[in-house]
Amino acid sequence: ETGYQRRVRGKITIFALSITYLFMCPVLMKVVCRAKKVADFGSTLLVIHVLLTWLYSPSFPSSLLWWTCNLLGTVFMIVLSEFLCLREEMKVIALSSLTSSYSTNTSHSVTTGSSDSSVSILSNALERV
């Protein structure tokens, strides 16, 4: 194998790892669903990857390029996944359908003479919105 072939194979491997980490970001976001848990789950994936690589290859991964690619890829995956999770968590929750259903339910319970104070508090709060 010539030096050129090794360089091309290395570039293809780095490109494949980059694409894999990029496609793992939305998967990680959907699986974890919480930005606080993404770093833990992402680092766990790296540890599992290291162990599986060690089991598959005859020795522990010692290449500086391998470690650099995997660590940078994991950091990239964690940061982008946390961003996606935070963006999903910060979406506005539509209350228009909830307020109409609550107002019909609370007005019924208020007119029937229900003494439930939490219902009246909720109805007053929803009327102010």
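This text gives an overview of the structure that appears in the document. Residue numbering note: each chain is counted from 1, following its sequence as written. Owing to the predicted nature of the model, reporting of local features is limited to residues with pLDDT of at least 70; listing and counting of side-chain atom pairs is limited to 80 or more, with chain, interface and lining totals taken over all residues. For the side-chain quantities, the full set of heavy atoms in the structure was used; hydrogens and water were omitted.

### Observations regarding helix α3 (residues 64-89)
Helix numbers and strand numbers start at the N terminus; a helix is a DSSP run of H or I with at least 4 residues, a strand a run of E with at least 2. Helix span, as expected, comes to 1.5 Å for every residue beyond the first. Across its 26 residues, α3 extends 37 Å between first and last C-alpha, which sits within 8% of the 38 Å expected from 1.5 Å per residue. For the exposure calls, accessible area comes from a 1.4 Å probe over protein chains only, and a residue counts as buried if that area is under 20% of its type's maximum, exposed if over 50%, partly exposed in between. Within the sequence span of α3, burial applies to Trp66, Cys69, Asn70, Gly73, Thr74, Met77, Ile78, Ser81, Leu84 and Cys85. Under the rule applied, a polar contact is a pair of N or O atoms within 3.5 Å (in protein, one hydrogen donor and one hydrogen acceptor; residues adjacent in sequence only if both atoms are side-chain atoms). The N-cap of α3, judged by a side-chain oxygen 3.3 Å from the amide nitrogen of Leu65 a few residues on, is Ser63.

### Topic: the packing of aromatic side chains
The description of an aromatic ring pair uses the distance of the two centres, along with the angle that the planes make with each other. Each aromatic pair joins two rings of Phe, Tyr and Trp (for Trp, the six-membered one) with centres within 6.5 Å, and gets the label stacked for planes under 30 degrees apart, edge-to-face for over 60, and tilted for any other angle. Counted under the stated rule, the structure contains three aromatic pairs. Ring geometry for Phe60 against Trp67: centres 5.8 Å apart, planes inclined by 35 degrees, an arrangement best described as tilted. The class for Trp67 is partly exposed, based on a relative accessible area of 23%. A centroid spacing of 5.0 Å and a plane angle of 85 degrees characterise the contact between Trp66 and Trp67, whose relative ring orientation is edge-to-face.

### Some thoughts on the side chain of Thr74
As for its placement among the helices and strands, Thr74 is situated in helix α3. Contacts of Thr74, omitting those with residues within four sequence positions, involve Tyr21, Gly42 and Leu46. Residues are treated as being in contact if the distance between any of their heavy atoms lies within 4.5 Å.

### Describing helix α2 (residues 35-56)
Residues that lie three or four places apart on an α-helix share one face, since the helix turns once every 3.6 residues. Counted at 1.5 Å a residue, the expected span for α2 with its 22 residues is 32 Å, and the 32 Å between its end C-alpha atoms agrees. Those residues of α2 lying buried are Ala35, Val38, Gly42, Leu46, Val50 and Thr53. Viewed end-on, α2 has its buried residues packed into an arc of 105 degrees, placing them on one side of the element. Summarising the geometry of α2, the exposed residues directed more than 90 degrees from the buried face are Lys36, Lys37, Asp40, Leu52 and Leu55. Packing partners of the buried residues in α2 comprise α1 (3-32) and α3. Along the arc lie the directions from the helix axis toward the C-beta atoms.

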